[in-house]
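# Analysis of the macromolecular model
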Amino acid sequence: MLKKNDKTREPPSNYSLQTDDSDIHLDSCYCLKFDAHHDLVWQDLQKLEESRREILKRSELPFWRILAYWSGTCLKALALDWLIWLTFAIFLSIRIQARTWGYYNVPALVELLSKTDTSILGGFLSFFLVLFVNQTNSRFFEMYQLSKASSGKIQDVAGLVSSQLPSDIAKRIIRHMNAAHVVGYVGLGGPYTKTHFFDHINAEHHLLTQKELEQIAPFDMQSGSAAFKHLTTLCQRDVTSALKAGYIDSHESTFLHERILEFRAAMDGIYDYTDQPVHFFYIHFLCLLSALYLPLFAIDNAYAAGWGAGADWHIELLYGIIVMLQCIFVVGLRLLGQKMIDPFGDDLEDLSVITYIETTIEGCKIIMNANRVLEVD
């Protein structure tokens with residue numbers, strides 16, 4: 001993801017989700033299509049979230065049921081990748097040549113290729129691909145942990161303020177923290193926009209008043225982290241005011257300040273990761289190696305499958321399967337790594353931001369409204 005406070009470099013966040021009967025394949029989860037000319041509205045975000053939560057439940061299914069799915073898998077991405085089709089086209093063209101006009105003429109290239117070993121190049125490429133996937137997988141789950149940590153810090157604050165502060169002050173602090181949580185995701189510049197994401201949640205849960213919205217309007221919540229940092233600072237000032245008023249002692253004040261700062265640090269950590277994705281140089285290097293290696297691998301296996309009278313369709317089929325599997329391995333690993341670079345986008349594989357926010361708000365409501373059951377003798 002590009003730097004969020006640089007609007008001129010920021011990728012467009014206006015998408016639209018469309019679904020039709022052709023979007024559903026073998027399961028109830030949508031294969032989503034986005035139109036770069038419209039915003040991803042709240043209903044679209046909800047459908048996307050439902051699909052993500054449904055996909056998460058598939059991990060423990062039997063392997064034969066996993067293979068029956070289309071959406072949320074590598075199949076569509078692989079089917080649309082031109083390098084796979086180019087590689088297989090090279091293999092087929094050579095095999096057609098081997099069975100037609102080259103039936104009695106064995107090219108000298110066949111003998112030369114028999115002395116080469118493309119597996120060495122394949123080994124190096126596999127190493128770099130696995131390293132790439134491991135790096136992006138670590139980034140993905142570290143950003144997931146930061147998202148969950150920010151939710152936990154808000155609920156930690158709710159637990160103390162609900163029992164120590166007057167109701168109006170406690171509710172204001174939690175409103176502002178939950179608002180900062182939502183605004184923090186809006187500032188990432190992805191599909192979660194102010195109009196179709198924050199405004200809906202704010203209207204439903206009454207996080208910020210109109211006056212408070214006007215106060216943060218100059219920060220432009222879609223342009224970075226300034227708006228969410230302003231809201232967390234308001235929470236800290238409320239804690240300081242509560243300390244001066246005698247509602248809490250210095251130890252409790254320190255606890256609250258620490259949790260608020262830890263919440264801000266967790267959200268800042270997400271911004272740090274999205275501001276510096278995996279180096280483009282590295283990804284370009286992998287793409288270049290793949291584009292050179294797979295056609296060479298197809299040529300090597302096509303000539304090795306026999307020529308002229310020595311050609312056998314069983315051997316050709318076997319070599320064709322090997323070429324296809326190698327394409328799936330090389331292209332699939334690269335696509336997998338790229339899918340995990342930005343967990344806060346509009347892919348089915350991305351993190352469930354709406355779920356994190358709504359469960360945090362509901363958790364805070366439970367904490368704030370908890371009543372002690374009085375025992376009657």
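About the cut-offs
- Residues numbered from 1 in each chain as written.
- Predicted model: local features only at pLDDT ≥ 70, side-chain atom pairs only at ≥ 80, totals over all residues.
- Heavy atoms only, no water.
- Helix = DSSP H or I, 4+ residues; strand = E, 2+ residues; numbered from the N terminus.
- Expected span 1.5 Å × (residues − 1).
- Buried < 20%, exposed > 50% of the residue type's maximum accessible area, 1.4 Å probe, protein only.
- Salt bridge = Lys/Arg side-chain N within 4 Å of Asp/Glu carboxyl O.
- Core = buried A, V, L, I, M, F, W, Y, C linked by side-chain atoms within 4.5 Å.
- Contact = heavy atoms within 4.5 Å.
- 1 Å grid on protein atoms, 1.4 Å probe; cavity = no way out; pocket = protein on both sides within 12 Å on 5 of 7 lines; lining within 4 Å.
- Points joined across faces, edges and corners; volume = space filled by probe spheres on them.
- pLDDT = per-residue confidence, 0-100.
- Axes fitted to C-alpha atoms, helices over the stretch in contact; angles between N-to-C directions.
- Parallel < 35°, antiparallel > 145°, perpendicular 65-115°, else oblique.
- Left-handed = near helix turned anticlockwise from the far one by under 90°.
- Nonpolar A, V, L, I, M, F, W, Y, C, P; charged D, E, K, R; others polar.
- Lys, Arg positive; Asp, Glu negative; His and termini not counted.
- Polar contact = N/O pair within 3.5 Å; in protein donor to acceptor, adjacent residues only side chain to side chain.

This paragraph deals with helix H7 (residues 167-186). Over its 20 residues, H7 extends 29 Å from the first C-alpha to the last, a length consistent with the 28 Å expected when each residue adds 1.5 Å. Of all 20 residues making up H7, 15 are buried, and the element is well covered by its neighbours.

All right, on to the environment of Asp-44 then. Within the secondary structure, Asp-44 is located in helix H1 (residues 42-56). A residue is classified by how much of its surface remains accessible, and Asp-44, at 8% relative accessible area, is buried. Once the C-alpha coordinates of Asp-44 and His-196 are considered, the two residues, 152 residues apart in sequence, prove to be 9.5 Å apart.

In the structure shown here, the tally under the stated rule is 16 salt bridges. Asp-81 is the partner of Arg-334 in a salt bridge, and the nearest nitrogen-oxygen pair spans 3.1 Å. Here Asp-81 lies in the loop between helix H3 (75-79) and helix H4 (82-99) and Arg-334 lies in helix H13 (residues 313-339), a separation of 253 residues in the sequence. The residues Arg-334 and Asp-81 share a single accessibility class, namely buried. Measuring nitrogen to oxygen at the nearest pair gives 3.1 Å for the salt bridge that ties Arg-175 to Glu-212. In this pair, Arg-175 sits in helix H7 while Glu-212 sits in helix H9 (residues 210-216), placing the two residues 37 residues apart along the sequence. You can call Arg-175 partly exposed: its relative accessible area is 22%. Overall, the relative accessible area of 13% leaves Glu-212 in the buried class. Here the salt bridges share partners, and the residues they tie into one network are Lys-153, Asp-156, Glu-258, Arg-259 and Glu-262.

This brings us to the nonpolar core. In terms of nonpolar packing, the biggest core is built from 91 residues, with Ile-173, Tyr-185 and Phe-197 touching the most fellow members. Top contributing element to this core by residue count: helix H6 (residues 119-164), with 12 residues. Sequence-distant contacts of Tyr-185, that is, excluding residues within four places in its chain, are made with Ser-147, Ser-150, Tyr-192, Phe-197, Met-267, Ile-270, Phe-344, Val-353, Tyr-356 and Ile-357.

Turning next to the layout of surface pockets. When its volume is computed, the largest pocket comes out at roughly 980 Å³. Those elements giving two or more residues to the lining of the largest pocket turn out to be H1, H3, H6 and H13.

We now examine unusual backbone geometry. Of note, His-206 is a non-glycine position whose phi angle comes to about 55°, a positive value. Position of His-206 among the secondary structure elements: in the loop between helix H8 (194-205) and H9. When its relative accessible area of 59% is taken as the criterion, His-206 is described as exposed. In this model, Asp-220 sits at a positive phi of 55°, which is unusual for a non-glycine residue. Within the secondary structure layout, Asp-220 lies in the loop between H9 and helix H10 (226-244). Residue class for Asp-220 comes out partly exposed when judged on its relative accessible area of 30%.

We now examine the confidence of the model for the chain. Confidence in the prediction of the chain, expressed as mean pLDDT, is 85, and 83% of residues score 70 or more. Here residues 1-37 scores under 50 on pLDDT; set against residues more than four positions off or in separate chains, the count is 90 contacts.

Two elements in contact, H6 and helix H11 (residues 250-275), have axes separated by 9 Å at closest approach and are oriented at 160°. Viewed along their axes, H6 and H11 adopt a mutual orientation that is roughly antiparallel. H6 and H11 meet at a crossing whose hand is left-handed. Across the contact of H6 with H11, the residue classes tally to 15 nonpolar, five polar and seven charged.

In this fold, Arg-139 is placed in helix H6. Buried charge Arg-139 goes without a salt bridge, the closest partner of opposite sign being Asp-342 at 7.0 Å. Here Ile-341 takes part through its backbone oxygen, which lies 3.3 Å from a polar atom of the side chain of Arg-139. Apart from the residues within four sequence positions on either side, Arg-139 is in contact with Tyr-273, Gln-276, Pro-277, Val-278 and Ile-341.

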